Amino acid sequence: MATTSSTFVRQDMLAQQPAPLGISGPSHWFRTRLFATPKDTVLTILALALLVYVIPGMINWLFIDAVWTGSDRTACATVIQGGILPDGQSGACWAFVEAKFQQFMFGRYPADERWRPILVAVLFVILLVPMLIPKVPHKGWNALALFIILPFISFFLLIGGFGLSHVETQLWGGLMVTLILSFFGITVSLPLGIILALGRRSQMPVIKTLCVVFIEIIRGIPLVTVLFMASVMLPLFLPDGWTFDKLLRALIGVSIFASAYMAEVIRGGLQAIPKGQFEGADSLGLTYWQKTRLIILPQAIKLVIPSIVNTFIGLFKDTSLVSIIGMFDLLGIVTLNQSDANWSTPVTPVTGYIFAGFIFWLFCFGMSRYSAFMERHLDTGHRH
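Residues numbered from 1 in each chain as written. Predicted model: local features only at pLDDT ≥ 70, side-chain atom pairs only at ≥ 80, totals over all residues. Heavy atoms only, no water.

Asks: Help me understand the overall build of the chain in this model?
Replies: Scanning the chain from terminus to terminus reveals 15 helices and 0 strands. For the chain, with 384 residues in total, the buried portion stands at 33%. In the chain, the share of contacts with a sequence separation of at least 24, taken over all contacts with a separation of at least 6, comes to 72%. Summed over its atoms, the accessible surface of the chain is roughly 23300 Å², and 69% of this surface lies on carbon and sulfur atoms. (Helix = DSSP H or I, 4+ residues; strand = E, 2+ residues; numbered from the N terminus. Buried < 20%, exposed > 50% of the residue type's maximum accessible area, 1.4 Å probe, protein only. Contact = heavy atoms within 4.5 Å. Areas by Shrake-Rupley, 256 points an atom, 1.4 Å probe, with all protein chains shown as cover.)

Asks: Please clarify how the packing of aromatic side chains should be interpreted in this entry.
Replies: In this description, an aromatic ring pair is defined by two values, namely the gap between the centres and the angle between the planes. Inspection of the entire model under this criterion finds 20 aromatic pairs. Both rings, one in Phe-147 and one in Phe-183, keep their centres 6.1 Å apart while their planes meet at 5 degrees; by these two values the pair is stacked. You can see Phe-147 sitting in helix H6 (residues 139–159) and its partner Phe-183 sitting in helix H7 (residues 175–200), a full 36 residues away along the chain. Residue class for Phe-147 comes out partly exposed when judged on its relative accessible area of 32%. Taken together through their ring pairs, the aromatic side chains of Phe-96, Phe-101, Phe-104, Trp-343 and Phe-355 make up a single cluster. Sitting above the plane of the Tyr-261 ring, Arg-219 keeps its charged end 5.9 Å from the centroid. (Phe/Tyr/Trp six-rings, centres within 6.5 Å; stacked < 30°, edge-to-face > 60°. Lys NZ or Arg CZ within 6 Å of the ring centre and 35° of its normal.)

Asks: Which parts of the structure should I look at to understand the state of the cysteines?
Replies: When the sulfur atoms of two cysteines share a covalent bond, that bond is a disulfide. Here the structure, examined in full by the defined rule, presents 1 disulfide. Two residues, Cys-76 and Cys-93, share a disulfide whose sulfurs are 1.9 Å apart. Taking the torsion about the sulfur-sulfur bond, which here is approximately 75 degrees, the covalent link between Cys-76 and Cys-93 counts as right-handed. Of this pair, Cys-76 sits in the loop between helix H3 (38–64) and helix H4 (94–106) while Cys-93 sits in the loop between H3 and H4, placing them 17 residues apart in sequence. (Disulfide = S-S within 2.5 Å.)

Asks: Is there a simple way to think about the nonpolar core in this case?
Replies: Grouped burial of nonpolar side chains is what soluble globular proteins tend to show. Formed by 53 residues in total, the largest nonpolar core has its most connected members in Phe-104, Trp-172 and Leu-330. For this core, the elements supplying multiple residues, two or more each, are H4, H6, H7, helix H9 (223–233), helix H10 (246–271), helix H13 (305–318), helix H14 (330–337) and helix H15 (348–378). Excluding anything up to four places from it in sequence, Trp-172 contacts Phe-106, Tyr-109, Leu-158, Ile-159, Val-167, Val-177, Ile-180, Leu-247 and Phe-328. (Core = buried A, V, L, I, M, F, W, Y, C linked by side-chain atoms within 4.5 Å.)

Asks: So what exactly am I meant to see when it comes to the packing of H4 against H14 here?
Replies: When two helices pack together, their arrangement is given by the angle between the helix axes and by the axis-to-axis distance. At their nearest, the axes of H4 and H14 sit 10 Å apart, and the two run at 130 degrees to each other. Overall, the two elements H4 and H14 adopt an arrangement that is oblique. In the crossing of H4 with H14, the sense of the turn from one axis to the other is right-handed. Residues Phe-96, Lys-100, Gln-103 and Phe-104 of H4 lie in contact with H14, whose contacting residues are Leu-330, Ile-333, Val-334 and Asn-337. Residue classes in the contact of H4 with H14 are distributed as 5 nonpolar, 2 polar and 1 charged. (Axes fitted to C-alpha atoms, helices over the stretch in contact; angles between N-to-C directions. Parallel < 35°, antiparallel > 145°, perpendicular 65-115°, else oblique. Left-handed = near helix turned anticlockwise from the far one by under 90°. Nonpolar A, V, L, I, M, F, W, Y, C, P; charged D, E, K, R; others polar.)

Asks: In this structure, what is going on with the UniProt feature "transmembrane region" (unreviewed entry) in the chain? I would like to understand it.
Replies: Here the UniProt-annotated "transmembrane region" (unreviewed entry) positions come out as residues 41–64, 115–133, 145–165, 171–198, 210–235, 247–266 and 350–368. Between the end C-alpha atoms of residues 41–64 there is a gap of 33 Å, over a span that is 100% helix and 0% strand. Along residues 171–198 one finds 86% helix and 0% strand; the C-alpha atoms at either end are 40 Å apart. (UniProt positions renumbered as here; feature names shortened; annotations may be inferred.)

Asks: I keep staring at empty space enclosed by the protein and nothing clicks. Help me out?
Replies: Over the atoms, a rolled probe matching the size of one water molecule traces out where space is still vacant. Per the stated rule, a full pass over the model turns up 1 cavity of 30 Å³ or more. For the largest cavity, the calculated volume is near 40 Å³. Together, Gly-107, Arg-108, Gln-170, Leu-171, Trp-172, Gly-173, Phe-328 and Ile-333 line the largest cavity. For the lining of the largest cavity, the class distribution of residues is 4 nonpolar, 3 polar and 1 charged. (1 Å grid on protein atoms, 1.4 Å probe; cavity = no way out; pocket = protein on both sides within 12 Å on 5 of 7 lines; lining within 4 Å. Points joined across faces, edges and corners; volume = space filled by probe spheres on them.)

Asks: Honestly, H4 in this entry has me stumped. Any pointers?
Replies: The α-helix advances 3.6 residues per turn, and as a result positions three or four apart in sequence lie on the same side. With 13 residues, H4 extends 18 Å between its outermost C-alpha atoms, agreeing within 8% with the 18 Å of an ideal straight helix rising 1.5 Å per residue. For H4, the principal kink sits at Lys-100 and spans about 60 degrees. Where H4 is buried, its residues meet H3, helix H5 (115–132), H7, H14 and H15. (Expected span 1.5 Å × (residues − 1). Bend = angle between axes of the 7 residues up to and from the residue.)

Asks: What is the right way to look at the environment of Ile-301 in this model?
Replies: Here Ile-301 lies in helix H12 (residues 288–303). On the accessibility criterion, Ile-301 (27% relative accessible area) is partly exposed. Sequence spacing of Ile-301 and Arg-267 is 34 residues, and the spatial spacing of their C-alpha atoms is 9.6 Å. Each residue touching Ile-301, except ones within four places of it in the same chain, is listed here: Ile-194, Ile-266 and Ile-308.

Asks: Is there a simple way to explain the layout of surface pockets in this structure?
Replies: Taken as a whole, the second largest pocket holds about 370 Å³ of empty space. Counting residues per element, the ones that place at least two in the lining of the second largest pocket are H7 and H12. Here the lining of the second largest pocket is built from residues that sort into 9 nonpolar, 4 polar and 2 charged.

Here it is in structure tokens:
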């Protein structure tokens with residue numbers, strides 16, 4: 001017994017000793033990650049050479065030679081009638097983004113009413129930030145306000161009512177539509193996907209068959225088809241005189257599509273739970289719903305957080321497909337404004353797409369980093 005204790009003491013002392021010089025620090029990282037073998041060294045040098053070749057030109061085009069101000073295409077025209085570059089300018093046309101920025105954010109929403117979507121965005125951020133911070137208490141009330149009360153208030157703020165002028169959804173566009181579709185799709189797809197996943201694993205044949213058929217049919221067709229059916233086919237099955245708003249059809253289509261993929265993600269997490277967890281819950285006398293809510297689902301969702309966030313990121317980017325039904329999200333409104341003759345230049349489309357791509361990347365990268373943070377926060381399995 002004494003020998004075992006002394007062994008543990010020696011191991012603890014060794015673990016507390018600082019690492020020898022040369023096996024830690026930046027130099028060790030570079031040596032082991034970038035120059036570990038001759039092949040790694042060659043690839044590192046080639047990658048650095050490519051970056052040195054590409055990055056200066058990108059910086060010049062995006063920032064140094066870019067046009068930042070202007071009222072029309074003449075500020076960004078790279079070629080005039082004589083074939084001469086005016087003032088040497090041949091960079092990005094950020095003046096186009098500045099002039100169209102309001103439309104990129106709100107579409108054709110009336111200018112004097114744009115305080116309403118701005119107020120909705122502020123309320124959304126105020127409720128979202130404490131929801132994302134694990135240490136902030138009262139998550140239940142926060143979730144109620146974010147997912148139930150805020151959508152109800154936002155509906156009347158954006159549409160109109162209670163003294164506010166009515167704004168048709170056909171005038172909505174830009175980043176506002178992208179965020180609305182994404183938020184609604186994420187909010188609906190996660191709980192609906194959980195229900196479908198549980199139904200697919202159910203022992204009741206009817207429920208299992210219905211869930212399997214729904215999931216396989218929706219996953220077997222592209223989102224464009226789902227949106228087209230929601231926009232064109234759905235009204236054909238409604239009684240005469242009944243109609244659905246185009247935005248509502250898009251919300252339904254996106255939510256149904258995302259829920260089918262989410263169901264398979266959750267089902268993968270459920271199948272990864274060890275059988276002993278189910279047996280332990282049964283030995284405690286828990287009912288099916290108590291076992292699922294308190295023991296099984298929390299572990300399953302924790303295991304598939306990366307896949308869940310990946311589905312959310314895909315949904316956020318897929319909102320651009322609503323242009324097939326005549327709606328204009330951020331990418332759609334950028335493409336639409338490129339047809340403006342006042343800003344028709346060779347660099348205008350590229351600049352607009354770079355701006356839209358940066359906005360999409362910003363949101364997707366944020367979701368990805370938060371996913372990594374939550375994985376670290378919930379990873380308690382190897383802590384001593």
